[in-house]
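Fold and contact review
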Amino acid sequence: MKKIEAIIQPHKLEDVKEALKAIGVDGMTITEVRGHGRQKGHKEVYRGMEYQVDLLPKVKVEMVISDQRADEVVKTVVNSARTGKIGDGKVFVYDVAEAIRIRNDDRGEAAL
Amino acid sequence: METRISNLEAAVKSAQSAGDNAWMLTSAALVLMMTGPGLALFYGGLVRRKNVLGTMMHSFVLMAVVTVLWAIIGYSLAFAEGSPFLGDLRYLFLHGVGSAPNADYGATVPHQTYMVYQLMFAIITPALISGAFAERIKFSAMLLFTVLWAFLVYFPLAHMVWGKGGFLSAFLGGKVPALDFAGGTVVHISSGVSALVCALYLGKRKGYQVEPMKPHNVVISVIGACLLWVGWFGFNAGSAVAASGLATSAFVATHFATAAAVLGWMLAEWVHNGKPSVLGAISGAVAGLVAITPASGFVQPFPALLIGFLAGLVCFFMVTAVKSKFGYDDTLDAFGVHGAGGTLGALLTGVFATSAVNDGLKDASGKVLGLGLVDGNPGQVLNQLIAVLISWGMAIVGTYIILKICDAVIGVRVSPDQEIEGLDVSMHGEEGYNFEA
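The rules behind the values
Residues numbered from 1 in each chain as written. Chains lettered and ligands numbered in written order. Predicted model: local features only at pLDDT ≥ 70, side-chain atom pairs only at ≥ 80, totals over all residues. Contact = placed C-beta atoms within 7 Å. Helix = DSSP H or I, 4+ residues; strand = E, 2+ residues; numbered from the N terminus. Nonpolar A, V, L, I, M, F, W, Y, C, P; charged D, E, K, R; others polar. Pairing = 2+ DSSP bridges. Core = buried A, V, L, I, M, F, W, Y, C linked by C-beta atoms within 7 Å. Buried ≥ 20, exposed ≤ 12 C-beta atoms within 10 Å, placed from the backbone. pLDDT = per-residue confidence, 0-100.

Notes on the interface of chain B and chain A
- Listed per partner, the contact involves 12 residues of chain B and six residues of chain A.
- Contributions of two or more residues to the side of chain B that touches chain A are made by helix H8 (278-292) and helix H9 (301-326) of chain B.
- Taken together, the residues that form the side of chain B that touches chain A break down as four nonpolar, five polar and three charged.

Some details on the pairing of strand E3 (residues 42-46) of chain A
Residue and element names in this part refer to chain A.
- Strand direction decides the pairing type here: E3 and strand E4 (residues 49-53), joined by five bridges, are antiparallel. For Tyr 46, the partnering residue across the bridge sits in E4 and is Met 49.
- Linking two consecutive strands that pair antiparallel, namely E3 and E4, is a turn of two residues; a positive phi of about 45 degrees is found at Arg 47 within it.

Focus: the nonpolar core
- In terms of nonpolar packing, the biggest core is built from 149 residues, with Leu228(B), Ala257(B), Ala261(B), Ala295(B), Ile307(B), Ala311(B) and Cys315(B) touching the most fellow members.
- Ranked by residues supplied to this core, first place goes to helix H3 (residues 111-133) of chain B with 15 residues.
- Ignoring any residue separated from it by four or fewer positions in sequence, one finds Ile307(B) in contact with Ala257(B), Ala291(B), Ile292(B), Ala295(B), Gly345(B), Leu348(B) and Phe352(B).
- Ranked by size, the runner-up nonpolar core spans 10 residues in total, among them Ala6(A), Val16(A), Val73(A) and Val77(A).

Points about the confidence of the model for chain B
- Of all residues in chain B, 100% have pLDDT values of 70 or greater, and the mean over the chain is 96.
- What the predictor reports for the complex is a pTM of 0.91 with an ipTM of 0.82.

Structure (structure tokens):
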């Protein structure tokens, strides 16, 4: 099992969700986060006080899927989240040791 | 026939009184609305989230504290005849302040209407100061400060400018007749200059110019500023103390100046920073409202536009360039907007005041006297300057003494831990936003 963690532009969330739904991925967790990579932030000015805002709003999408689907899901996320500009985000893939469905104690891929 | 005429006269008088009183009670309510929710929202949105309730409380609690003071002794000290500098105690506990008009202040409305209308001014003035000490003053110290400030600064100054026989009164026999229609000196210079003293005395907030201190909710500040704009019609047009043509003139001047000030500030900011901010636009509105306050019942619409536009530019310059040059932490720019805007407005009143708008000043033979420089009376500018200097002086000396007293008795500033925690939790034991609830 793999965990796919994608940090994406908030406005691309709907596209990513639609694309994942289209290939049959139906479980995910979304978190609103802030961060930055190479993307510059922006300047805000309040009555002459300047603030450099370099942590920008992003959305983190997390899902756990079977090993054989990992490449396909990553490709789908990357394609649907891409605008081609700095700030599009990143995707990380992790190995998952175990998954348990709380409702009935299913284990492994059966729990996904 | 004579009975019918006298009945008719009585009916006319009663009809006028009904109209005037309706407007004055409405105005009183509008001015209260400026403090709560107007100023509470305006200031509340500009502080950090952990201080939103503490900041709103600074405005709200004064609606209670000053009211009680006013009933017991405040109105008497401010508006009873007495010395040129303070009223006597004839209206102690509002004795004799009833439904019969007081001809000196408003011949067609109950004296009690005038009393409660003036109370709303006494409430908002100290609330304006709270912009300077926001986010770091002890609540108990703020209460003591306000009570002492009312006695040492507000009541005397209100008496000097508006009270019968007051030293600076233009219409009720003052030695140096200064024109202040709705409170440029009494309200805005007094609060704005006191605010500067408070900001200097308390020192900067922890982390000022190091940590980000962005306004936590400019949206509620916009709502607050709009309520201030609307409420200000009661403040300025109500100061005619009648539903008269003068009230209309003040209403129009107020609105025009405010509009021009929005554009002035916006323009300056656009040129200076590359973007016109919403916070700038609403700050411009308040600057314009402040500056037109003393002039509102004396100037024509086009000078009002000019006064407003200049106020937008000057106050922008004060809160950006001047504040950062001197480095004082006037947290919500009470000085930059009210002190500077009030001073500008008071001086320009001496320039643009005209008897074409306000023919209230007459010589012994009943001839209408010219008012400002535009009426060929350059001396009025000097009178305005004297009133400005006296107001500055009283605000500086009074506020400094009071802060010393408060510091000695209870200490004015919260502890560093309390400041980091925020005034909402440390002073009031609650939070403004409980999203999990």
